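# Examination of the molecular architecture
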Amino acid sequence: MEIEMDALDIAIYSVLEGVTDPVTMMSTIACLAFHHDKRFDWVGFYRNRGDNVLEIGPYQGKLGCLEIPFGKGVCGHAAMTGEGIIVPDVDDFADHIACSSETKSEMVLPVFNEKDELLAVLDFDSNRPNAFDQNDLTLFHNILKTVFADVGLEQIAKKP
Ligand code: SME
């Protein structure tokens, strides 16, 4: 499918109109974002499946790590603090988990629903140093807030 890619947020909202399944949401966002911008060499979700462990979700790029404990790496840090984070140089982030030796910089955003439950994190890796800025963080913060507002944690977490 060819869509106008000037405004990534509008493209995402248009493709996901009426969608309620989180896998469909995550796959679509990962795909559209990855192909939107050459700075993005890996784009994907790690899902909050319970037990303070993030598990790989839909992504685009080379093979990602399968599980990341809360508090570990940039993704685990974002899950634990609930804050988006930009890492201009991954070598300066002591706890960075190197899924690819080519990655130079990274941005991770937590994904919350409207009840403020953590559903996932969205991870961007770039092979370029200092690839991400505050505009990227704001753009994806707004997209995630809008798209995942009505998703329940029970749609993501493992059944007890
Ligand atoms: N670098 C991440 C791990 C995920 S991969 O890059 C896809 C981190 O430190 O959390």
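This text follows the structure it describes.
What comes next concerns the included structure. Because the structure is predicted, anything quoted here is derived from the model rather than measured. (Residues numbered from 1 in each chain as written. Predicted model: local features only at pLDDT ≥ 70, side-chain atom pairs only at ≥ 80, totals over all residues. Heavy atoms only, no water.)

### A word on the side chain of aspartate 125
Tracing the backbone through its elements, the reader meets aspartate 125 in strand β6 (residues 118–126). One buried charged residue, aspartate 125, remains without a salt bridge, the closest side chain of opposite sign being lysine 62 at 11 Å. Ignoring anything within four residues of it in the chain, the contact list for aspartate 125 reads Arg39, Phe40, Asp41, Trp42, Thr103, Ser105, Glu106 and Phe132. (Helix = DSSP H or I, 4+ residues; strand = E, 2+ residues; numbered from the N terminus. Buried < 20%, exposed > 50% of the residue type's maximum accessible area, 1.4 Å probe, protein only. Lys, Arg positive; Asp, Glu negative; His and termini not counted. Salt bridge = Lys/Arg side-chain N within 4 Å of Asp/Glu carboxyl O. Contact = heavy atoms within 4.5 Å.)

### Examining the pairing of strand β1 (residues 42–48)
Extensive coverage of β1 is indicated by the burial of 7 of its 7 residues. Residue alternation in β1 divides its side chains into two sets, Trp42, Gly44, Tyr46 and Asn48 and Val43, Phe45 and Arg47, and both sets are buried. As judged from the 6 bridges shared by β1 and β6, these two strands associate in the antiparallel manner. Directly across from glycine 44, in β6, lies its bridge partner aspartate 123. Inspection of the sheet shows β1 paired to strand β2 (residues 53–60) by 5 bridges, in the antiparallel sense. Counted as the bridge partner of tyrosine 46 is isoleucine 56 from β2. Between the antiparallel neighbours β1 and β2 lie 4 residues, among them glycine 50 with a positive phi of about 105°. (Pairing = 2+ DSSP bridges.)

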